[in-house]
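Take a look at the letters that make up each chain.
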Amino acid sequence: MKLYYEQAICTSTPKAVMFFFSIYSYLNDYSYKKDVIARLGFIENKFRSQLDKNNFYLVISYADKVSDFKDKTKEATNELKQTYKLTDLLSKANIMVINATNNSDLENLKNKMKI
């Protein structure tokens, strides 16, 4: 991951760090889940001291593909915090759950990120 992404995302002080992942794939594909955990771990290790709620966005997409997505998203974020020890990182995150095919969800995301 470092080989492919370090130049693109590893600045000394990032203006924003955005991480998008599919809750549907996270719940249904163990390989994808491992990738999400590894990438979040990389973000935490690389930017630990520079992240706060003003510049770190965790966007959970494909909510429309998961029945009871509110509970499933909460379970997934709790698992990431407790089982995979990402509590510090997720406490700094603006967590948004979206259906990327819904204009209202995308507009809310845009407004929250101020873009």
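For the structure, check the block above.
In this text the structure is predicted, and so the values were computed from the model without any measurement.

Participant: In this structure, what is going on with the overall build of the protein? I would like to understand it.
Facilitator: Scanning the protein for helices and strands turns up six helices and three strands. In the protein, the order of α-helices and β-strands from amino to carboxyl end is α-β-α-α-β-α-α-β-α. Within the span of the protein, comprising 115 residues, buried residues form 37% of the whole. When contacts within the protein are restricted to residue pairs at least 6 apart in sequence, long-range pairs at least 24 apart make up 77% of them. Summed over its atoms, the accessible surface of the protein is roughly 7400 Å², and 48% of this surface lies on carbon and sulfur atoms.

Participant: Any chance you could explain the environment of Thr-73 here in plain terms?
Facilitator: With respect to the element layout, Thr-73 can be found in helix α4 (residues 69-82). Given the relative accessible area of 5%, Thr-73 is considered buried. Sequence-wise, Thr-73 and Ile-23 are 50 residues apart; in three dimensions their C-alpha atoms are separated by 7.0 Å. Beyond its immediate chain neighbours, meaning those up to four positions away, Thr-73 contacts Ile-23, Ile-60 and Val-97.

Participant: Please clarify how the pattern of salt bridges should be interpreted in this entry.
Facilitator: Where charged atoms of side chains with opposite charge meet at close range, the side chains can pair. Scanning all chains against the criterion turns up three salt bridges. Of the charged contacts, one joins Lys-33 and Glu-79 as a salt bridge, the two residues approaching to 3.1 Å between their closest N and O atoms. Of this pair, Lys-33 sits in helix α3 (residues 30-47) while Glu-79 is found in helix α4, placing the two residues 46 residues apart along the sequence. Lys-92 is the salt-bridge partner of Asp-88, the closest N and O atoms lying 3.6 Å from each other. On the basis of relative accessibility, which here comes to 36%, the residue Asp-88 falls in the partly exposed class.

Participant: Just to check I follow, could you spell out the nonpolar core for this structure?
Facilitator: Note on soluble globular proteins: their nonpolar side chains tend to be buried together. Of all hydrophobic cores here, the largest spans 21 residues; its most connected members are Phe-21, Leu-40, Ile-43, Phe-56, Leu-58 and Leu-80. If you list the elements that add at least two residues to this core, you get β1 (17-22), α2 (23-28), α3, β2 (56-61), α4 and α5 (87-91). With five residues, the single largest contributor to this core is α3. Setting aside its immediate chain neighbours within four residues, Leu-58 contacts Phe-19, Phe-21, Leu-40, Leu-90, Ala-93, Asn-94, Ile-95 and Met-96. Among the nonpolar cores identified, the runner-up in size contains six residues, and Tyr-57, Met-96, Ile-98 and Leu-109 belong to it.

Participant: I'm lost on the environment of Tyr-32 in this one. Help?
Facilitator: Here Tyr-32 is to be found in helix α3. In this structure, the C-alpha to C-alpha distance between Tyr-32 and Phe-21, residues eleven residues apart in sequence, is 9.3 Å. Apart from residues no more than four positions distant in its own chain, Tyr-32 is found in contact with Phe-21, Ser-22, Ser-25 and Tyr-26.

Parameters and conventions
- Residues numbered from 1 in each chain as written.
- Predicted model: local features only at pLDDT ≥ 70, side-chain atom pairs only at ≥ 80, totals over all residues.
- Heavy atoms only, no water.
- Helix = DSSP H or I, 4+ residues; strand = E, 2+ residues; numbered from the N terminus.
- Buried < 20%, exposed > 50% of the residue type's maximum accessible area, 1.4 Å probe, protein only.
- Contact = heavy atoms within 4.5 Å.
- Areas by Shrake-Rupley, 256 points an atom, 1.4 Å probe, with all protein chains shown as cover.
- Salt bridge = Lys/Arg side-chain N within 4 Å of Asp/Glu carboxyl O.
- Core = buried A, V, L, I, M, F, W, Y, C linked by side-chain atoms within 4.5 Å.

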